[in-house]
Amino acid sequence: MFYEKRDENKVQCGLCSHRCIIKDGKRGICGVRENRNSTLYTLVYDKIVSQNVDPIEKKPIFHLYPGSTSFSIATVGCNFRCQHCQNYQISQMPKDEKTILGNRVTPEEIVESAKIAGCKSIAYTYTEPTIFYELAYETARLATEQGIKNVFVTNGYITPEALTAIQPYLHAANIDLKAFNDRFYRKICSAKLQPVLDSIRLYKKLGIWIEITTLIIPTYNDSDDELRNIAEFIKDVGEDIPWHVTQFYSTYKLLGQPRTPIKTLSRAREIGLNAGLKYVYEGNVPGRGGESTYCYNCQELLIQRYGYSILQNNIISSQCPKCNAKIDGIGL
């Protein structure tokens with residue numbers, strides 16, 4: 001899906017914002033879409049490399065059926081080259097190891113597995129769902145017919161035409177907003193910032209529930225100005241968008257960096273709340289209270305979390321039990 005033929009047996013992919021022009025016999029930046037005689041093929045349509053039943057909080061999605069489980073799938077490949085990727089073994093496999101692995105699974109089988117497991121949603125996650133779009137599209141369509149929600153955990157580099165096409169079957173997404181400067185995106189991710197910002201706005205405009213995650217890396221994207229710019233951008237798109245500020249730990253090629261200090265996460269959360277965001281969460285630091293949901297109106301504790309576990313949920317019919325403020329989300 002989403003490509004056009006060009007001269008000299010080249011094709012231009014229109015699935016993600018790289019919009020790769022691919023020569024005959026070559027692959028796009030993602031490593032899993034190949035031009036074969038002017039026809040663009042996906043190499044991962046039915047090759048699942050990972051599938052698990054996860055808490056929806058692990059995505060992290062906090063405002064879609066809290067406490068429910070999500071059937072989570074991935075193929076190999078990614079259209080980013082993040083130096084700090086936590087799942088680099090599978091996301092970068094087609095490029096680092098020149099290999100595409102996976103077990104053959106159909107969309108019908110994925111939906112049936114989700115039903116058997118009692119999952120309220122299917123999450124397209126671990127790697128970038130945009131690069132296995134055809135599988136996600138067909139699965140999401142079938143899942144929607146069965147009353148199962150669909151969730152993207154994504155870097156936000158999808159094109160407007162691809163996002164618009166899947167919108168009827170895509171109910172929620174957690175989008176990484178990795179920084180608020182183009183230099184970071186180019187150097188650390190081999191991408192650009194603006195398409196991500198445009199994508200976030202379009203998700204919101206299309207009525208898809210979104211939550212934003214920023215992994216805070218010491219000395220890279222942890223300045224007050226940077227965090228304030230992110231918070232103000234999110235607020236401009238929608239004050240109801242939850243912002244997850246999460247702790248970094250050294251991995252893949254970005255080695256030698258210390259873990260994010262807890263005080264930095266607390267400062268980021270404060271910046272987000274001061275900017276007018278209703279919901280700001282601290283991630284990867286369970287037990288501190290920053291992962292719980294509070295009423296934005298009266299500060300009542302609504303959902304108490306410890307890691308991925310729900311200790312108590314006091315929301316009644318999507319409302320705060322103390323002041324009756326409407327709490328945003330799906331299935332609260």
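Refer to the structure printed above.
Residues numbered from 1 in each chain as written. Predicted model: local features only at pLDDT ≥ 70, side-chain atom pairs only at ≥ 80, totals over all residues. Heavy atoms only, no water.

(A) Main features of the pairing of strand β5 (residues 39-42). Here strand β4 (residues 33-36) runs beside β5; their pairing, made up of 4 bridges, is antiparallel. For Arg36, the partnering residue across the bridge sits in β5 and is Thr39. (Pairing = 2+ DSSP bridges. Helix = DSSP H or I, 4+ residues; strand = E, 2+ residues; numbered from the N terminus.)

(B) Layout of helix α4 (residues 133-145). With 13 residues, α4 extends 18 Å from end C-alpha to end C-alpha; this agrees with the ideal 18 Å at 1.5 Å per step. For α4, every residue scored as buried is listed here: Tyr133, Glu134, Leu135, Ala136, Tyr137, Thr139, Ala140, Leu142 and Ala143. A positive phi of about 80° marks Gly147, the residue just after α4. (Expected span 1.5 Å × (residues − 1). Buried < 20%, exposed > 50% of the residue type's maximum accessible area, 1.4 Å probe, protein only.)

(C) Seen up close, the side chain of Thr251. Among the structural elements, Thr251 can be located in the loop between β14 (243-247) and α9 (262-274). By relative accessible area, Thr251 is classed as buried at 12%. Leave out the neighbours within four places in its chain, and Thr251 touches Gln83, His84, Cys85, Gln86 and Tyr88. (Contact = heavy atoms within 4.5 Å.)

(D) Expanded view of the environment of Pro218. Inspection of the secondary structure assignment puts Pro218 in the loop between β13 (209-216) and α8 (224-237). Here Pro218 is in contact with Phe248, Gln257, Pro258, Arg259, Thr260 and Pro261, once residues within four sequence places are set aside.

(E) Spotlight on the packing of α8 against α9. The N-to-C vectors of α8 and α9 enclose an angle of 40°; their axes lie 9 Å apart at closest approach. The angle between the axes of α8 and α9 places the two elements in the oblique class. As α8 packs across α9, the resulting crossing turns out to be right-handed. Only Arg267, Ala268, Ile271 and Gly272 of α9 make contact with α8, whose side of the interface consists of Asp224, Leu227, Arg228 and Ala231. Here the residues of the contact of α8 with α9 sort into 4 nonpolar, 1 polar and 3 charged. (Axes fitted to C-alpha atoms, helices over the stretch in contact; angles between N-to-C directions. Parallel < 35°, antiparallel > 145°, perpendicular 65-115°, else oblique. Left-handed = near helix turned anticlockwise from the far one by under 90°. Nonpolar A, V, L, I, M, F, W, Y, C, P; charged D, E, K, R; others polar.)

(F) Quick peek at the nonpolar core. By size, the foremost hydrophobic cluster in this structure holds 87 residues, and its most contacted members are Ile122, Phe152, Leu177, Tyr185, Ile200, Tyr203 and Trp243. When residues in this core are grouped by element, the largest group, 7 residues, is from α4. Discounting residues that sit within four places of it in the chain, Ile122 has contacts with Ser70, Phe71, Ile110, Val111, Ala114, Thr139, Ala143, Ile148, Lys149, Asn150 and Val151. (Core = buried A, V, L, I, M, F, W, Y, C linked by side-chain atoms within 4.5 Å.)

(G) Focus on the sheet that holds strand β10 (residues 121-124). Spatially, β7-β8-β10-β11-β12-β13-β14-β15 is the arrangement adopted by the 8 strands of the open sheet, whose pairing is mixed. Looking at which strands have only one partner, the edges of the open sheet turn out to be β7 (50-55) and β15 (280-283). Averaged over all neighbouring strand pairs, the angle between strand axes comes to 20°, with direction disregarded. The pairing of β13 with β14 spans 5 bridges and is classified as parallel. The residue of β14 that forms the bridge with Leu215 is Thr246. Its contacts with the sheet place helix α3 (residues 107-116) against β8 (69-74) and β10, and it is angled at close to 155° to β8.

(H) Main features of unusual backbone geometry. Of note, the amide linkage connecting Lys59 to Pro60 takes the cis form, showing an omega dihedral of -10°. In this structure, Tyr65 takes a positive phi of about 45° despite not being glycine. Relative to the assigned elements, Tyr65 resides in the loop between β7 and β8. Assessed through its relative accessible area of 24%, Tyr65 is described here as partly exposed. One non-glycine residue, Tyr126, lies in the positive phi region at around 70°.

(I) Representation of the sheet that holds strand β17 (residues 301-306) within the structure. If you trace the 3 strands from one edge of the open sheet to the other, you get β16-β17-β18, paired in antiparallel fashion. The sheet is open, and its two edges are formed by β16 (293-294) and β18 (309-313), each paired on a single side. Alignment of β16 against β17, held across 2 bridges, turns out to be antiparallel. What sits directly across from Tyr294, in β17, is Leu301.

(J) The arrangement of the packing of aromatic side chains in detail. Counted by the stated rule, this structure contains 11 aromatic pairs. On the basis of an interplanar angle of 50° and a centroid distance of 5.8 Å, the ring pair of Phe180 and Phe233 is categorised as tilted. With Phe180 in the loop between β12 (172-176) and α6 (182-189) and Phe233 in helix α8, this residue pair connects regions lying 53 residues apart in the sequence. Look at Phe233 and you get buried, because its relative accessible area is 7%. Judged by centre distance (6.0 Å) and plane angle (90°), the ring pair of Tyr279 and Tyr296 falls under edge-to-face. Here the residue Tyr279 occupies a position in the loop between α9 and β15, and Tyr296 occupies one in the loop between β16 and β17, the gap between them amounting to 17 residues. Classification of Tyr296 as partly exposed rests on a relative accessible area of 27%. Three or more aromatic residues joined by ring pairs form one cluster here, namely Phe2, Tyr133, Tyr137 and Tyr169. In this structure, Lys278 is placed above the aromatic ring of Tyr296, and the distance from its NZ or CZ to the ring centre is 4.2 Å. (Phe/Tyr/Trp six-rings, centres within 6.5 Å; stacked < 30°, edge-to-face > 60°. Lys NZ or Arg CZ within 6 Å of the ring centre and 35° of its normal.)

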